[in-house]
Amino acid sequence: MTMEKIAIKGTDDTPGVILNKEENKFEFSGKSLPEDVNSFYGPVLKWIDEYSSSPNPKTEFNFMLTYFNTASSKVLLDILMKLEDVKSKGGEVQVKWNYPDDDEDMLEAGKEYADLVDVPFVFTSYKR
């Protein structure tokens with residue numbers, strides 16, 4: 001069964017999202033402060049639910065967010081908990097948390113998520 005890809009171009013308020021099972025590419029980038037977090041992330045969460053029923057043997061999620069608001073932070077946790085489901089079904093899962101090297105807050109946010117879910121995280125800084 002081929003899953004539809006999700007490819008959302010980022011804006012000033014919404015992140016770029018790539019969910020592509022066939023190419024094994026999963027990425028969130030930019031800023032996340034959508035006006036309606038449920039309508040923006042609803043299809044994303046539904047896609048990950050579907051993916052978790054038959055995941056790739058290895059799943060690597062890349063987060064390259066520069067900012068997210070409180071509403072987005074809850075959805076990000078939901079996404080990470082869904083990745084925990086993938087892992088609990090025997091899939092190999094890794095989260096790559098990429099953060100600007102001058103942004104301690106984004107690093108701390110990643111570490112907090114890493115403490116909340118049972119999924120391995122790799123932290124990588126980059127120059128803006």
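1. Section: the nonpolar core
Thought 1: Core analysis: the biggest nonpolar cluster contains 35 residues, and Leu19, Phe28, Phe61, Phe63, Ile79 and Trp97 have the highest contact counts within it.
Thought 2: Elements supplying a minimum of two residues to this core: strand E2 (16-20), strand E3 (25-32), helix H1 (37-53), strand E4 (58-68), helix H2 (70-88), strand E5 (92-100) and helix H3 (104-116).
Thought 3: Counting residues per element, this core draws most heavily on H1, which supplies eight residues.
Thought 4: Not counting the four nearest positions on each side in its chain, Ile79 is found in contact with Phe28, Tyr41, Val44, Leu45, Ile48, Phe61 and Phe63.

2. Considering unusual backbone geometry
Most peptide bonds take the trans configuration, and most residues that are not glycine carry a negative phi.
Thought 1: Of note, the phi angle at Asn24 is positive, near 55°, even though the residue is not glycine.
Thought 2: Mapping Asn24 onto the fold places it in the loop between E2 and E3.
Thought 3: On the basis of relative accessible area, Asn24 is assigned to the partly exposed category, the value being 34%.

3. Regarding the side chain of Asn56
Thought 1: Examined against the element boundaries, Asn56 turns out to sit in the loop between H1 and E4.
Thought 2: Separated by 2.8 Å, the side chains of Asn56 and Asn24 make a polar contact.
Thought 3: Apart from the residues within four sequence positions on either side, Asn56 is in contact with Lys21, Asn24, Phe26 and Tyr51.

4. Focus: the sheet that holds E4
Thought 1: The six strands lie next to each other as E1-E2-E3-E4-E5-E6, forming an open sheet whose pairing is mixed. Strands at the two margins of the open sheet, each flanked by one partner only, are strand E1 (6-8) and strand E6 (121-126). Direction aside, neighbouring strands of the sheet carry axes that sit 15° apart on average.
Thought 2: One ladder, built from five bridges, connects E2 with E3; its direction is antiparallel. The residue bridging Asn20 from the neighbouring strand is Lys25, located in E3.

The rules behind each value
Residues numbered from 1 in each chain as written. Predicted model: local features only at pLDDT ≥ 70, side-chain atom pairs only at ≥ 80, totals over all residues. Heavy atoms only, no water. Core = buried A, V, L, I, M, F, W, Y, C linked by side-chain atoms within 4.5 Å. Buried < 20%, exposed > 50% of the residue type's maximum accessible area, 1.4 Å probe, protein only. Helix = DSSP H or I, 4+ residues; strand = E, 2+ residues; numbered from the N terminus. Contact = heavy atoms within 4.5 Å. Polar contact = N/O pair within 3.5 Å; in protein donor to acceptor, adjacent residues only side chain to side chain. Pairing = 2+ DSSP bridges. Axes fitted to C-alpha atoms, helices over the stretch in contact; angles between N-to-C directions.

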